[in-house]
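# An overview of the molecular structure
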Amino acid sequence: MPSWDLLITDAKLATLRPGAAAGDDPWGTVENAALAVADGRIAWLGPAAGLPSGDAAERWSAEGRWLTPALIDCHTHLLFGGDRAAEFEQRLAGASYAEIARAGGGIMSTVRATRAASDEDLLGGASRRLAALCRDGVTTVEIKSGYGLDLDTELRMLRLARRAGGAAGLRVRPTCLGAHALPADFDGDADAYIDFVCDTVLPAVAEENLADAVDAYCESIAFTPAQVARVFERARELGLPVRLHADQLSDCGGAALAARYGALSADHVEYSNDAGIAALAQAGSVAVLLPGAFVMLREETRPPVAALRAAGVPIALATDCNPGTSPVVSLLAMLPIAAAQFRLTPAECLAGVTRNAARVLGLADELGTLEAGKRADLAAWDVGHPRELAYWLGAQPLAALFRGGRRLEI
Ligand code: NIG
Ligand code: FE
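Everything in this summary refers to the structure shown in the same document. In every chain, residue numbers begin from 1 and rise along the written sequence. Lettering of chains starts at A and numbering of ligands starts at 1, both following the order in which they are written. The predicted nature of this model means local features are confined to residues of pLDDT at least 70 and side-chain atom pairs, given and counted, to a pLDDT of 80 or more, with totals for whole chains, interfaces and linings taken over all residues. Note: side-chain values were computed over all heavy atoms of the structure, leaving out hydrogens and water.

### Brief notes about the overall build of the chain
Counting from the N terminus, the helices are the DSSP runs of H or I reaching at least four residues and the strands are the DSSP runs of E reaching at least two. The helix and strand inventory of the chain stands at 15 helices and 16 strands. Values of the radius of gyration come from C-alpha atoms, whereas the globule rule sets the reference at 2.2 Å times the count of residues to the power 0.38. Its C-alpha radius of gyration of 21 Å places the chain within 12% of the 22 Å reference for a compact globule of 410 residues. Its C-alpha atoms put the chain at 70 × 45 × 45 Å along the principal axes. In this scheme, a residue with accessible area under 20% of its type's maximum is buried, one over 50% is exposed, and one in between is partly exposed, where area comes from a 1.4 Å probe on protein chains only. Counting over 410 residues, the chain shows a buried share of 57%. The criterion used for residue contact is that any of the two residues' heavy atoms lie within 4.5 Å. Taking as baseline every contact in the chain between residues at least 6 positions apart, the subset at least 24 positions apart corresponds to 72%. Looking at charge distribution, the chain has the averaged site of its 37 positive side-chain charges lying 3 Å from that of its 51 negative ones. In this tally, Asp and Glu contribute negative charge and Lys and Arg positive charge; neither His nor the terminal groups of the chain are included. The location of each charge is read from NZ of Lys, CZ of Arg, CG of Asp or CD of Glu.

Laid out in structure tokens, this is it:
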């Protein structure tokens, strides 16, 4: 007879299992369901009528609520010093993001604030933002460096990212974004800075095992495709998977570049072209859409959702939480905005913060769907149907959250 740590009864499941995406029911619905957890993983799930008899150390009735995989925020820059609310005011008055960046503001202003901040300040801000994400049903968060741009601060950010996750009880996946902007210390010599990232930062990150992936920013105000390619070559030598801030403000061939290196994801992709989209499909890369940055930058060019869908590129959604382009600390809020602005279906929205987000973080075997063998990271919701998660804005519908079968305080 099986013995379980937790048995959840009287639930409706939206499993989001991969087959469901292609079938008639994109939610992977199981009504009148039970779900058993052993050793932090889903040991059994299905219609309660088929539940084998077993012993459960603990039982929890969902009282008819919907259970989904816990949410995953697969693209954030949520560890930083200061804020850029004054720059937002400047943008509202007519200045562009690129103009502010060229004048030494933008990412560089956060770099200055982050270098100057104490560990306690950085952890305090990150912890508040992680707690807000947790109240939205998030148990896994990616956090990028990229506001250090010197060896010490880049490494410090990555170490603090893991610490902030530990303190919040969440799983954090740190990403090294050394190639985010050109720091003033390099006197305009972007190639010399890329040498420094490749020869000094990435090897140190790999040596201390501080990041799970390497990201870069390919844009006219950041790095060229050739410079990004050098970073990706080095990442490959060090055995680190890559991702790219691609085609956010212009078509730089970012999608094709990401695909050429088998990137886990190409992110933003507002301006990606058809050849780039075909290359992403071929490479199995995920397109990560970031509605927060789109809205807060008052962008008008939408990501090519119909083309991504037609090509079979999986789509994820994330907050992009950062002080410049996306001061967003709610992952749930991204769902109705992506539905209304990008015309994602509600089921695509939920898959974008569960199944496809897990894939972006290289965790598809562990998280992102409700299937036997996966980690028991579960969210229970006070909604009549999960489509409401892409409908209400600011409703706080989370009823309970489990990480590895353990209930988290929310
Ligand atoms: O994802 N585009 C580059 N990186 C961030 C913005 C970071 C910042 O402005 O501080 C983004 O939008
Ligand atoms: Fe970003």
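### Quick notes on the sheet that holds strand β11 (residues 265-268)
By the convention used here, strands pair only if DSSP detects at least 2 bridges between them. Read from one edge of the open sheet, four strands run β10-β11-β12-β13, paired in parallel fashion. Each edge of the open sheet carries a strand with a single partner, namely β10 (243-246) and β13 (315-317). Each neighbouring strand pair of the sheet contributes to a mean axis angle of 25°, computed without reference to strand direction. As paired elements, strand β12 (residues 286-289) and β13 share three bridges and run parallel to each other. Directly across from Val288, in β13, lies its bridge partner Ala316. Lines are fitted to the C-alpha atoms to define the axes, a helix being fitted only along its stretch in contact, and any angle between axes, read from their N-to-C directions, falls within 0 to 180 degrees.

### Section: the state of the cysteines
Criterion for a disulfide: a pair of cysteine sulfur atoms at a distance within 2.5 Å. Summed over the entire model, instances satisfying the criterion amount to zero disulfides. Summary of cysteine pairing: Cys134 is not part of a disulfide, and the nearest cysteine sulfur, belonging to Cys321, is at 15 Å. Given a relative accessible area of 7%, Cys134 falls into the buried group. Lacking any disulfide linkage, Cys176 is separated from the closest cysteine sulfur, that of Cys198, by 10 Å. Classification of Cys176 as buried rests on a relative accessible area of 0%.

### A short note on the coordination of the iron ion (ligand 2)
Around the iron ion (ligand 2), the donor atoms from the protein are His75 (NE2), His77 (NE2), His245 (NE2) and Asp320 (OD), and they sit 2.1 to 2.3 Å away. Counted as coordinating are nitrogen, oxygen and sulfur atoms within 2.8 Å of the metal, or 3.2 Å for Na, K and Ca, while water is not included, which may make sites look incomplete. For the iron ion (ligand 2), the single-chain donor residues occur in sequence as H-x1-H-x167-H-x74-D. Taken together, the residues span a long stretch of sequence, with His77 in the loop between β6 (71-73) and α2 (85-92) and His245 in strand β10 at a distance of 168 residues. Given the relative accessible area of 2%, His77 is considered buried. Owing to a relative accessible area of 3%, His245 belongs among the buried residues under this scheme.

### Comments concerning the site of ligand 1
Nearness is defined per residue: one heavy atom within 4 Å of the molecule or strand is enough. Taken together, the neighbourhood of ligand 1 is formed by 15 residues, with Arg84, Tyr97, Tyr147, Asp320 and Thr325 sitting nearest. Within the side chain of His77, a nitrogen or oxygen atom sits 3.4 Å from an oxygen atom of ligand 1. Any residue that is not Ala, Val, Leu, Ile, Met, Phe, Trp, Tyr, Cys, Pro, Asp, Glu, Lys or Arg is counted as polar, Gly included; the first ten are nonpolar and the last four charged. Looking at the shell around ligand 1 residue by residue, the classes come out as four nonpolar, nine polar and two charged. Whenever a nitrogen or oxygen atom comes within 3.5 Å of another N or O atom, the pair is scored as a polar contact, on the condition that within protein one atom can donate a hydrogen and the other can accept it, and that pairs from neighbouring residues in sequence are kept only if both atoms are in side chains.

### Quick word on unusual backbone geometry
One non-glycine residue, Asp247, adopts positive backbone phi at about 55°. Position of Asp247 among the secondary structure elements: in the loop between β10 and α9 (254-260). Accessibility expressed as a relative area gives 1% for Asp247, which makes it buried. At Arg298, a position not held by glycine, the phi torsion is positive, near 55°. By the element assignment, Arg298 lies in the loop between α11 (291-296) and α12 (305-311). Residue class for Arg298 comes out exposed when judged on its relative accessible area of 61%.

### Focus on the packing of helix α5 (residues 119-134) against helix α6 (residues 151-168)
Their axes nearest at 9 Å, the elements α5 and α6 cross at an angle of 50°. Here α6 runs oblique to α5, going by the angle between their axes. Two packed elements cross with a definite hand, and for α5 against α6 that hand is right-handed. Contacts from Asp119, Leu122, Leu123, Ala126 and Leu130 of α5 reach α6 at Arg156, Leu160, Arg163, Ala164, Gly165 and Ala168. Considered class by class, the residues forming the contact of α5 with α6 number seven nonpolar, one polar and three charged. Any angle between 65 and 115 degrees counts as roughly perpendicular, while under 35 counts as roughly parallel, over 145 as roughly antiparallel, and the rest as oblique. Note on convention: near helix rotated counterclockwise from far helix by under a right angle means a left-handed crossing. Clockwise means right-handed.

### Thoughts on the packing of helix α7 (residues 190-207) against helix α8 (residues 225-237)
Between α7 and α8, the shortest axis-to-axis distance is 10 Å and the interhelical angle comes to 15°. Classified by the angle their axes make, α7 and α8 are roughly parallel. For the element pair α7 and α8, the recorded crossing hand is right-handed. Across the interface between the two elements, Ala190, Asp191, Ile194, Asp195, Val197, Cys198, Leu202 and Pro203 of α7 pack against Gln227, Arg230, Val231, Arg234 and Ala235 of α8. A breakdown of the residues in the contact of α7 with α8 according to their chemical character gives eight nonpolar, one polar and four charged.

### Quick word on the sheet that holds β6
Strand-to-strand pairing in sheets goes through backbone hydrogen bonds, with the strands running parallel or antiparallel. One open sheet holds the four strands; their spatial order is β6-β7-β8-β9, and the pairing between them is parallel. Looking at the sheet topology across the chains shown, the edges are occupied by β6 and β9 (213-216). Geometrically, the sheet is characterised by an average inter-axis angle of 25° between neighbouring strands, direction not taken into account. As paired strands, β6 and strand β7 (residues 138-144) are joined by three bridges and run parallel to one another. By the bridge assignment, Leu71 is partnered in β7 with Val138. The strands touched by α7 within the sheet are β8 (171-179) and β9, with β8 carrying the most contacts at an inclination of about 155°. With respect to the sheet, α8 is in contact with β8 and β9, its orientation differing from that of β9 by roughly 175°.

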